[in-house]
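Read off the chains here:
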Amino acid sequence: MRTIANTVLRLAIGTAAVLGIAALYGYAVQVRLAVVAATLLLPVLFVSSAWGLRYALFQCAISTLAYNYFFLPRISSAVDTAWDWMAWFTFLVTGITASQLAERARRESRNADRRRTDAVAAQQRFTDLVDAVEGVVWEADADTLACSFVSRQAERTLGYPTEQWLREPAFWRDHLHPDDRAQAARVFEEVRIEKRPRDIEYRMIAADGRVVWLRDLVSVVVENGRATRLRGLMVDVTRRKYDETMLREQADLLNVTHDAIFVRTMDDAITFWNRGAEALYGWTAEEAAGKIPFELLATVFPAPLEEIRSDVIRFGRWEGELTHTRKNGARVVVASRWTLRRDERGVPLSILENNNDITERKATEETLQKMQAALTHATRVNTLGEVTASFAHELNQPLAAIVNNADACLGLLPDARPELGEIREALTDIAADARRASAIIERVRALARRSVAEKTQLRLAEVVAEVAALTATDAVVRRVTIHTDVPADLPVVLGDRIQLQQVLLNLIVNAIDAMGAVHESERRLVIRGRTDTDGAQPAVRVSVEDRGVGLRAEDASRLFEAFYTTKPQGMGLGLAISRSIIEAHGGRLLAEPNQGPGATFSICLPTAQASAAA
Ligand code: ADP
């Protein structure tokens, strides 16, 4: 609608202009035809340049008609019609040509405008594109490295305005990290000389003092065989570098530990193998990479692998004992801890396996178990002997009394009374039986005393160490620290290892019991070993010194009696058995109160040399 109105308006303006001119010249006298024509051409030119060819042609037609109608016959009545037509035709052609020229000029100016706009738009698009790149696009002189272009990302990456990059000829060099200056300059020089692109990483110092790691993809512009400019794309890789450093440090940390640690994917391919694993299993990290750990290590599991695997997925961890086979074929028992790693969405990523070699500990545990079993057995045998000996001691007296009484009765009975014959006979039997019982008990007692078994040459330091190991757990639980000071070079003694261990064990357990009531910080037990020159023969003394309740003078004499105990659960046999064992070894077992709190129980055993001489 608006277009139609616009068109009508323009046509009306053009027609009005022509009629105006006709009216103007209509009153003028003697007007020249050329002046009229030139005037009528003015609106044609104006319309053509302002509104285009279509309006110009209309204007031309109106002007020509007006020229013909208003002026030709009137002005040139003297001229014949052929000339009139010639003038009219010339006006028409001039009008059309002028219209076309004006239109062309108009179009060219419009094209020039469009080209200018296009160039500006292209420039803007280029700038937008370069600025949108997640990196700094730059160009610099190949010789001086002075920047001739840098994208706005530079400002965001390092904080310096882009104008500063362009203004300062040595900007790049000045803001390089001092440690990277030489290497980066060398690479840029190589790019210039070799005319080949390079990929380089270096640090720059940002405006706020931060150190920024940049990866720079540098290329070279060669003109006439000469490198004239360098161009590049710098990408901020600080985060990646930081992650890499973190990972490396973590891997280094995992390498510091002696545990064998490896990581495997959920498909069981090894991706990490620390130095501990190299040392324990014998395969290097390169050899292990990508392998399936269970196949490589011929793992023996305590439960089906699938069960363990589902436990790990469910609880995120698993712990247990595994048996592995090393590269050299040796078996190794490990305490294994598996930890599941998940990504941020919770999808299982990998399993970290931390293995601690417990082969020796297992062997020691087994030996200790065997020793404990042996000790229990020895204790049983000795207890039996001691009980028997005690019974024998207790029974001997009444038996002796029976014998005495029977003898007395016999002495009192008159010989000639035949009715008393039977009584005599019976009493004789009593006496005989009692003697026989006594003899039997004596034999059992002798047997009990002789129950000491194999004697070998022993180092008491070893015996003490073995017993200390046996009692270590109990000591920790009961907050007692055990300190041993038994020189390894003490003279050897001749003895039964198990029995001597049993004696020491008994003394240590008693000492720990005696310290149950004292403050935890005071629960200290010292086992000392010394050569002993007090006695008649060279001996070795091992003493167990505690800071417990100590010994009362009135109890001291009874400690070694069988069944003497002050403990609610005590049997009162330990010290009695111990003394009988030590005496059977030709030694002495002593109990002394300390100067300060507690008591000291000592074993004195003749040296092997002294025993042999005896
Ligand atoms: P039990 O330990 O079964 O009581 P023992 O024969 O080993 O039997 O000990 C007898 C008693 O000797 C103990 O009940 C205790 O009263 C006393 N005794 C043993 N060792 C110590 C010690 N280190 N300090 C104080 N008293 C002790």
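Residues numbered from 1 in each chain as written. Predicted model: local features only at pLDDT ≥ 70, side-chain atom pairs only at ≥ 80, totals over all residues. Heavy atoms only, no water.

**Concerning unusual backbone geometry**
In step 1: Residues other than glycine seldom take positive phi values, yet Lys 195 does so here, at roughly 55°.
In step 2: Residue position: Lys 195 is located in the loop between helix 8 (181-194) and strand 3 (198-205).
In step 3: On the basis of relative accessibility, which here comes to 36%, the residue Lys 195 falls in the partly exposed class.
In step 4: Phi angles above zero are rare outside glycine, and Arg 479 is one such case at about 60°.
In step 5: Counting through the fold element by element, Arg 479 comes out in the loop between helix 16 (460-477) and strand 12 (481-485). (Helix = DSSP H or I, 4+ residues; strand = E, 2+ residues; numbered from the N terminus. Buried < 20%, exposed > 50% of the residue type's maximum accessible area, 1.4 Å probe, protein only.)

**Points about the sheet that holds strand 2 (residues 147-150)**
By definition, the strands of a sheet pair up through backbone hydrogen bonds, in either a parallel or an antiparallel sense.
In step 1: Sheet architecture is open: five strands sit in the order 2-1-5-4-3, paired in antiparallel fashion. In the strand order of this sheet, the two ends are held by strand 2 and strand 3, each with one partner. With strand direction ignored, the average angle separating the axes of adjacent strands in the sheet is 25°.
In step 2: Here eight bridges tie strand 3 to strand 4 (residues 211-223), and the two strands are oriented antiparallel to one another. When the sheet's bridge partners are listed, Tyr 202 is paired in strand 4 with Leu 214.
In step 3: Against the sheet, helix 9 (residues 238-256) engages strand 3, strand 4 and strand 5 (226-236), with an angle of about 125° to strand 4. (Pairing = 2+ DSSP bridges. Axes fitted to C-alpha atoms, helices over the stretch in contact; angles between N-to-C directions. Contact = heavy atoms within 4.5 Å.)

**Focus: the nonpolar core**
In step 1: Core analysis: the largest hydrophobic core is formed by 37 residues, its most contacted members being Leu 460, Leu 504, Leu 507, Leu 525 and Ile 603.
In step 2: Elements that contribute at least two residues to this core include exactly helix 16, helix 17 (497-514), strand 14 (524-532), strand 15 (539-545), helix 19 (574-584) and strand 17 (599-606).
In step 3: At seven residues, helix 17 tops the list of elements feeding residues into this core. (Core = buried A, V, L, I, M, F, W, Y, C linked by side-chain atoms within 4.5 Å.)

**Quick notes on the sheet that holds strand 16 (residues 588-593)**
In step 1: With mixed pairing, the five strands of this open sheet are ordered in space as 12-14-15-17-16. Each edge of the open sheet carries a strand with a single partner, namely strand 12 and strand 16. Taking the axes of each pair of neighbouring strands and ignoring which way they run, one obtains an average angle of 15° across the sheet.
In step 2: Across five bridges, the pairing between strand 12 and strand 14 is parallel. Paired with Ile 482 across the bridge in strand 14 is Leu 525.
In step 3: The strands touched by helix 16 are strand 12, strand 14, strand 15 and strand 17; relative to strand 12, the strand with the most contacts, the crossing angle is about 175°.

**Considerations on the pattern of salt bridges**
In step 1: Taken as a whole and judged by the stated rule, the model has 41 salt bridges.
In step 2: Salt-bridge contacts for Glu 223 lead to Arg 229; the nearest nitrogen and oxygen are separated by 3.1 Å.
In step 3: For Glu 223, a relative accessible area of 36% puts it in the partly exposed group.
In step 4: Among the residues examined, Arg 229 registers a relative accessible area of 24% and is labelled partly exposed. (Salt bridge = Lys/Arg side-chain N within 4 Å of Asp/Glu carboxyl O.)

**Notes on helix 8**
In step 1: Over its 14 residues, helix 8 extends 20 Å from the first C-alpha to the last, a length consistent with the 20 Å expected when each residue adds 1.5 Å.
In step 2: Looking at the buried residues of helix 8, the elements they touch are strand 1 (136-141), helix 7 (171-174), strand 3, strand 4 and strand 5.
In step 3: Two residues or fewer past helix 8, Lys 195 is found with a positive phi of approximately 55°. (Expected span 1.5 Å × (residues − 1).)

**What to know about a negative patch on the surface**
In step 1: Where like charges cluster on the molecular surface, the negative patch consists of Glu 422, Glu 425, Asp 429 and Asp 433.
In step 2: Assignment of secondary structure puts Glu 422 in helix 15 (residues 421-449). (Patch = residues over 30% accessible without salt bridge, like charges linked within 9 Å, V, L, I, M, F, W, Y side chains within 5 Å. Areas by Shrake-Rupley, 256 points an atom, 1.4 Å probe, with all protein chains shown as cover. Lys, Arg positive; Asp, Glu negative; His and termini not counted. Charge placed at Lys NZ, Arg CZ, Asp CG, Glu CD.)

**As for the packing of helix 1 (residues 2-26) against helix 2 (residues 33-51)**
In step 1: The interhelical angle for the contact between helix 1 and helix 2, taken along N-to-C directions, is 165°, at an axis separation of 10 Å. As summarised for this structure, helix 1 and helix 2 are arranged roughly antiparallel, according to the angle between their axes. Note that helix 1 runs across helix 2; the crossing there is right-handed. Contacts between helix 1 and helix 2 involve Arg 10, Ile 13, Ala 17, Val 18, Ile 21 and Tyr 25 on the former and, on the latter, Val 35, Val 36, Thr 39, Leu 40, Pro 43 and Trp 51.
In step 2: Taken together, the residues of the contact of helix 1 with helix 2 sort by class into ten nonpolar, one polar and one charged. (Parallel < 35°, antiparallel > 145°, perpendicular 65-115°, else oblique. Left-handed = near helix turned anticlockwise from the far one by under 90°. Nonpolar A, V, L, I, M, F, W, Y, C, P; charged D, E, K, R; others polar.)

**Comments concerning the pairing of strand 4**
Working note: regular strand, side chains alternate between the two faces of the sheet.
In step 1: The loop that links strand 3 with its antiparallel partner strand 4 comprises five residues; one of these, Gly 209, has a positive phi angle of about 90°.
In step 2: Between strand 4 and strand 5, which pair antiparallel and follow one another directly, the connecting turn spans two residues, one of which, Asn 224, has a positive phi of 55°.

**Let's talk about the site of the ligand**
In step 1: Taken together, 19 residues surround the ligand, and among them Asn 510, Thr 565, Thr 566, Lys 567 and Leu 575 come closest.
In step 2: Between the ligand and Thr 566 there is a distance of 2.4 Å, counted from an oxygen atom to a side-chain nitrogen or oxygen.
In step 3: When isolated, the ligand has an accessible area of 530 Å², and the protein chains bury 91% of it.
In step 4: Elements supplying a minimum of two residues to the shell around the ligand: helix 17 and helix 19.
In step 5: No other element matches the four residues that helix 17 contributes to the shell around the ligand.
In step 6: Its residues assigned to classes, the shell around the ligand shows nine nonpolar, eight polar and two charged. (Near = heavy atom within 4 Å. Polar contact = N/O pair within 3.5 Å; in protein donor to acceptor, adjacent residues only side chain to side chain.)

**Describing the side chain of Lys 241**
In step 1: Counting through the fold element by element, Lys 241 comes out in helix 9.
In step 2: Here Lys 241 is in contact with Glu 201 and Trp 213, once residues within four sequence places are set aside.

**Quick notes on the pairing of strand 8 (residues 317-325)**
In step 1: Taken together, the nine bridges between strand 8 and strand 9 (residues 331-342) define a ladder with antiparallel strand orientation. Looking at strand 9, one finds that Glu 321 is bridged to Ala 335.
In step 2: Connecting the antiparallel pair strand 8 and strand 9 is a turn made up of five residues, with Gly 329 showing a positive phi of about 90°.

**Observations regarding empty space enclosed by the protein**
In step 1: Within the structure shown, the criterion is met by two cavities of 30 Å³ or more.
In step 2: Taken as a whole, the largest cavity holds about 70 Å³ of empty space.
In step 3: If you trace the largest cavity, you find it lined by Trp 138, Ala 140, Leu 145, Cys 147, Trp 165, Trp 172, Phe 188 and Met 234.
In step 4: In terms of lining, the second largest cavity is formed by Leu 460, Leu 500, Leu 504, Val 542, Ile 603 and Leu 605.
In step 5: Here the residues of the lining of the second largest cavity sort into six nonpolar, no polar and no charged. (1 Å grid on protein atoms, 1.4 Å probe; cavity = no way out; pocket = protein on both sides within 12 Å on 5 of 7 lines; lining within 4 Å. Points joined across faces, edges and corners; volume = space filled by probe spheres on them.)

**Regarding a nonpolar patch on the surface**
In step 1: Side chains of Leu 19, Tyr 69 and Phe 70 sit close together on the surface and give an oily, nonpolar patch of about 340 Å² of accessible area.
In step 2: The residue Leu 19 is located in helix 1 in this model.

**Notes on the layout of surface pockets**
In step 1: Put simply, the largest pocket is a space of about 1000 Å³.
In step 2: What lines the largest pocket is a set of 37 residues, and nearest its centre among them are Asn 510, Asp 513, Thr 565, Lys 567 and Leu 575.
In step 3: Among the elements of the structure, helix 14 (359-412), helix 17, helix 19 and strand 17 are those that each provide at least two residues to the lining of the largest pocket.
In step 4: Per-element accounting of the lining of the largest pocket gives the leading share, ten residues, to helix 17.

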